Amino acid sequence: MNTPETREKQAHCRQSTMDSPQAPFLLALVERTAFVGTWELRLPERSLRWSEQLARIHAAPPGYAPAAGREFDHFVEEHRQAMRDAVQACAEQGVAFDIEAQIVTFEGRRSWVRCVGQALRDREARIACVAGVLQEIAPPGYPDGTLLRHTVSMGGAMGSGEAFATIDRHGRITYVNEQAERLLGHTASELIGRSVWGRFRKRARLALEEQFRQALARNAPVELAEMDARMSHWLELRAYPFGAGLAVHLRDVTARHKAQEQLMLLQGSIARLNDIVIITEAGPFAHPGPRIVFVNEAFERRTGYTRDEVLGRTPRMLQGPNTQRAALDRIRAAMEQWERVRVDLINYTKAGESFWVDLDVSPVWDRERKLTHWVAVGRDITERKTAEEKIQYLAFYDPLTQLPNRQLLMERLQGALGASVREGALMFIDLDNFKVLNDTMGHHNGDLLLQQVARRLRSCVAKGDLVARLGGDEFVILLTDRDDKPIAAAQAAEAVSRRVLAALGEPYVLPGCLHHGTCSIGVTLFDGEGRPTMSELLKQADLAMYEAKLAGRNTVRFFDPGMQALASANAALASDLRLAWRDKALELEYQPQVGADGRMTGVEALLRWDHPRHGRLEPSRFVPTAEDTGLIVPIGHWVLQAACAQLAQWAKRPDRAHLCIAVNVSVRQFRHPDFVDEVTNAILKSGIEPRKLKLELTESLLADGIEVTIAKMGSLKGMGVTLSLDDFGIGYSALSYLKRLPLDQLKIDRGFVKDILTDANDAAIARTIVGLAHNLGLDVIAEGVETEAQREFLARLGCDQYQGYLFCEPLPIDRLEAFMDSLATARSTPEPSAAAK
């Protein structure tokens, strides 16, 4: 409306800001100087006017002002309503406001502003308009090197509680706050106009003056610490140049300086000790541990590291492959309780040489009983340990073969019969016709043969298993099931027996001849129930060995008739498996895998064998035999090629091209030197996308050789192959390793899915696996899903894919193709309309 009454209000509003001819010019100057823009909201038509500076603050074009109804669009959403309410209250009730809020400029930059508004009234005291200013709180326009910019960037140090002063270019103090007065021991009136150098001890004044002048000349900050003129406090100064001089922040660092002096005194006192001394920070106890702050000269001489190489690092750098885990655990436990601890520990020099130290680790406290440091004093006891080891070796090892002797065997066997071992096997090995060799070729050649036998036997067992020489040509192997190396005793003994028979059956190179020999093996098993004595076990193994002699030598016999039957059956199964592989009797079936929407995402390739006498055998029955015999490598290679060939066929069909195939990879196959090359060649030969091939790896790969495993997985991952960890949660899961594995997927074992609806533990494990996988950015698939209720429960947990008889049983490729065709037909057939129904 443009009524006379309205024009009068507008004129009155304009008059309030234009009382003199110079007012617009002065207002614009003030706006530019203070980074302030003005605005005016005219009533009652609510037309809005912005000043040029306000438009500039918003990075808007000159003359811009928001249209009616959009007055508050430039405020961020979370502040928009508050501004709208404030302006409304001002327009209706005359309530002035002063609000801090954020705006979004035309360039998309957020900026904090202070917005002030006030109502202006006409002659009848009616509100004619609302006018105000908007000021950027920390505008980007402050030029560098100004005191204003400095105080903005430092958070307003003048009022922050920190001692602060300014000095001019001649070093005279121009401003001090209350904190600086207290720190310097004088009032502002006593300090202002005086030289700042006079506040410090005499011998440092010239150096301070020079550093400050250089800072001004280079326009660069300077930081230093010096003692004050009263020689009672050390002050830290941080000075920043600005137009008129330097802005200086001061802090009392006397306590820190005294601590440094005490540490230097301590360093001088212990630097020349012959014992190794290491001082670390108080924490943290978790990885990576307390960091080293001091080492003495003895440390440098013994380890080969210089002080600069170790400061800031942790003592873990001295650990190596033979550093005892138990000793480290004792140290950690004591440190967590803030207690002293003493251990004998194996450390390593920079060159990789191991050495023993008698290590005494003690906490260091300050006057308030606060833990500040740890001091470790170590005495080199390598010579003593070497002497002890020699005595130990002579007592427990056979000097001819370097194998454990009867004494050590009996100690280990006694430990195996204790509660720490669940089951095990004792193998008695006797060389066939050794006496003939000794009598015909002499004892020297006999000794050489025994040494070669010892080396071959050691190569047949895993780390931690014991090979001992009883005497003469008799040897014993002790296999035990331990937490760090679980085994099935019967299967392990059978596998080791085969390796021993093969290894000792190879020719022996002796001086002047090539000797051929064999051995006979007797095996007895023991478990947690009704364990015999050590003597009884040795007799049982000895009797079984003589049974092997009676059977014609160069064979193995089990003392337990049941185990003998199992061994015979496994041998028969291995023979049948070789024939099946030769005759191409093994087959592949495929079980679909589906996503959350019920659509197929791929299949898992499953090995099948129809045994001529035993019928259909599950992989769990014959795959371990294939592993033991080495057949798993060619069989696995065949499965891999078949899967890639099938993927190549599906790639030609748009309705199948998205599918992937999961292939199970055994430990022995994965660890074959050529495995990565075989995968590469299969992918290149078939021309498939690498990500369509999913390799399902077992957790037993994590049992040992983890670094090699990670490296191989990295090569496969770099190639683009999808990697899944099969049967997660039932094997060697270690979270410390899991985060390092380049995986794409975790597979929940069917054992957890089977009772997931009735067993709270299984449900909790499944929930944990899903949460863990998603936190690590991994996909999750559950196998063995047989009911809709199981699928719905897993879906609520966040499971991504499913596999099981609920969706489809494993099928040969022709039936699988028909199954997928039926699914496509069902999806393409429209449902009847409501009218048709």
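Small disclaimer: the values here were computed from a predicted structure and weren't measured. Throughout, a residue's number is its position along its own chain's written sequence, starting from 1. For this predicted model, a pLDDT threshold of at least 70 governs which residues receive local features, and a threshold of 80 or more governs which side-chain atom pairs are given and counted, while totals over whole chains, interfaces and linings are taken from all residues. The basis for every side-chain value is the complete set of heavy atoms in the structure, and neither hydrogens nor water enter the calculation.

The next subject is empty space enclosed by the protein. Empty space left among the atoms is revealed by rolling a probe the size of a water molecule over them. Here a cavity means grid points, on a 1 Å grid over the protein atoms only, where a 1.4 Å probe fits yet cannot get out; a pocket means an open set of points with protein on both sides within 12 Å along at least five of seven lines; lining residues are those with an atom within 4 Å of a point. Grid points are joined across faces, edges and corners, and a volume is the space filled by probe spheres set on the points. Considering all chains together, one arrives at 4 cavities of 30 Å³ or more under this definition. Looking at the largest cavity, its volume works out to about 190 Å³. What lines the largest cavity is a set of 15 residues, and nearest its centre among them are Trp-39, Leu-48, Trp-50, Glu-71 and Phe-75. Taken together, the elements giving at least two residues each to the lining of the largest cavity come down to β1 (36-42), β2 (47-50) and α4 (77-93). Per-class residue counts for the lining of the largest cavity are 11 nonpolar, 2 polar and 2 charged. Contributing to the lining of the second largest cavity are Ala-165, Ile-167, Ile-173, Leu-184, Val-196, Phe-200, Leu-237, Val-248 and Leu-250. Secondary structure elements follow DSSP: runs of H or I no shorter than four residues count as helices, runs of E no shorter than two count as strands, and numbering proceeds from the N terminus. Three classes are used, and their members are as follows: Ala, Val, Leu, Ile, Met, Phe, Trp, Tyr, Cys and Pro are nonpolar, Asp, Glu, Lys and Arg are charged, and the others, Gly among them, are polar.

Attention now goes to the sheet that holds strand β9 (residues 234-242). One requirement defines pairing of two strands: DSSP has to find at least two bridges between them. On the basis of which strands lie adjacent, the open sheet formed by 5 strands has the order β7-β6-β10-β9-β8 and antiparallel pairing. The two strands at the open ends of the sheet, each matched to only one other strand, are β7 (173-176) and β8 (222-227). Strand-to-strand twist across the sheet, computed as the mean angle between neighbouring axes with direction ignored, equals 25°. By the bridge criterion, 6 bridges tie strand β6 (residues 163-168) to strand β10 (residues 245-252) in an arrangement that is antiparallel. Considered in β10, the bridge of Thr-166 is made with Ala-247. Note on contacts: a residue pair is in contact if any heavy atoms of the two residues lie within 4.5 Å. The angle between two axes is taken between their N-to-C directions and runs from 0 to 180 degrees, where each axis is a line fitted to C-alpha atoms and a helix contributes only its stretch in contact. On top of the sheet, helix α8 (residues 202-218) reaches β6, β8, β9 and β10; it is set at about 170° to β8, its chief contact.

The next subject is the nonpolar core. Think of a nonpolar core as a cluster: buried Ala, Val, Leu, Ile, Met, Phe, Trp, Tyr and Cys residues, connected wherever their side-chain atoms sit within 4.5 Å. A simple rule labels every residue: compare its accessible area, found with a 1.4 Å probe on the protein chains alone, to the largest value its type can have, and call it buried under 20%, exposed over 50%, or partly exposed in between. Leu-693, Leu-695 and Leu-794 are the most contacted members of the largest nonpolar core, which has 77 residues in total. For this core, the element with the highest residue contribution is helix α21 (residues 632-651), accounting for 10 residues. Sequence-distant contacts of Leu-695, defined by excluding residues within four places in its chain, comprise Leu-640, Val-663, Val-665, Phe-675, Val-679, Leu-716, Val-721, Thr-722, Leu-723 and Ser-724.

Take the pairing of strand β30 (residues 779-783) next. Across the 5 residues that make up β30, a large majority, 4, are buried. Here 4 bridges tie strand β29 (residues 745-748) to β30, and the two strands are oriented parallel to one another. Within β30, the position partnered with Lys-747 by the bridge is Ile-781. Examined bridge by bridge, β30 and strand β31 (residues 801-803) share 3 bridges and lie parallel to one another.

One number sums up the size of the second largest pocket: a volume of about 930 Å³. As for the second largest pocket, its lining consists of 34 residues, and the residues nearest its centre are Pro-288, Arg-316, Gln-319, Arg-325 and Leu-328. Counting only elements with at least two residues in the lining of the second largest pocket, the list comes to β11 (276-281), α10 (297-303), α12 (325-336), β13 (341-348), β14 (354-365), β15 (371-380) and α25 (735-738). Per-element accounting of the lining of the second largest pocket gives the leading share, 6 residues, to α12. Per-class residue counts for the lining of the second largest pocket are 20 nonpolar, 9 polar and 5 charged.

For the rest of this paragraph, the subject is helix α24 (residues 706-719). Within an α-helix, residues lying three or four positions from one another point in the same direction, as the helix has 3.6 residues per turn. Helix span, expected: 1.5 Å multiplied by one less than the number of residues in the helix. With 14 residues, α24 should cover 20 Å at 1.5 Å per step; its first-to-last C-alpha distance of 20 Å lies within 8% of that length. Every buried residue of α24 is listed here: Ile-706, Thr-709, Ile-710, Lys-712, Met-713 and Leu-716. Each buried residue of α24 sits inside an arc of 165° when the element is viewed along its axis, so together they form one side. Opposite its buried face, α24 presents the exposed residues Val-708 and Gly-718, each directed more than 90 degrees away. Gly-720 lies just past α24 and shows a positive phi near 105°. Arc, as used here, means the arc of the directions from the helix axis to the C-beta atoms.

On to the side chain of Gln-790. Tracing the backbone shows Gln-790 in helix α28 (residues 788-797). Here Gln-790 falls in the buried class, since its relative accessible area comes to 7%. N or O atoms closer than or at 3.5 Å make up a polar contact, with two conditions inside protein: a donor-capable atom paired with an acceptor-capable one, and, for residues adjacent in sequence, both atoms drawn from side chains. At a separation of 2.8 Å, a polar atom in the side chain of Gln-790 contacts the main-chain amide nitrogen of Glu-786.

Strand order in this open sheet of 5 strands is β2-β1-β5-β4-β3, and the pairing throughout is antiparallel. With partners counted over all chains shown, the strands left at the sheet margins are β2 and β3 (97-104), one partner each. Averaged over all pairs of adjacent strands, the angle between their axes in this sheet comes to 25°, without regard to strand direction. Along the sheet face, α4 touches β1, β3, β4 (110-121) and β5 (127-136) and points at about 145° away from the line of β3.

Quick look at α12 now. Between its first and last C-alpha, α12 extends 16 Å over 12 residues, near the 16 Å set by a 1.5 Å rise per residue. Every buried residue belonging to α12 is among Ala-327, Leu-328, Ile-331, Ala-334 and Met-335, and all of these are buried. Buried positions in α12, seen along its axis, are confined to an arc of 125° and lie on one side of it. Those residues of α12 that are exposed and angled more than 90 degrees off the buried face are Arg-325 and Ala-326. Residues of α12 that are buried in the fold lie against β13, β14 and β15. Following α12 by one or two positions, Trp-338 has its phi on the positive side, about 60°.

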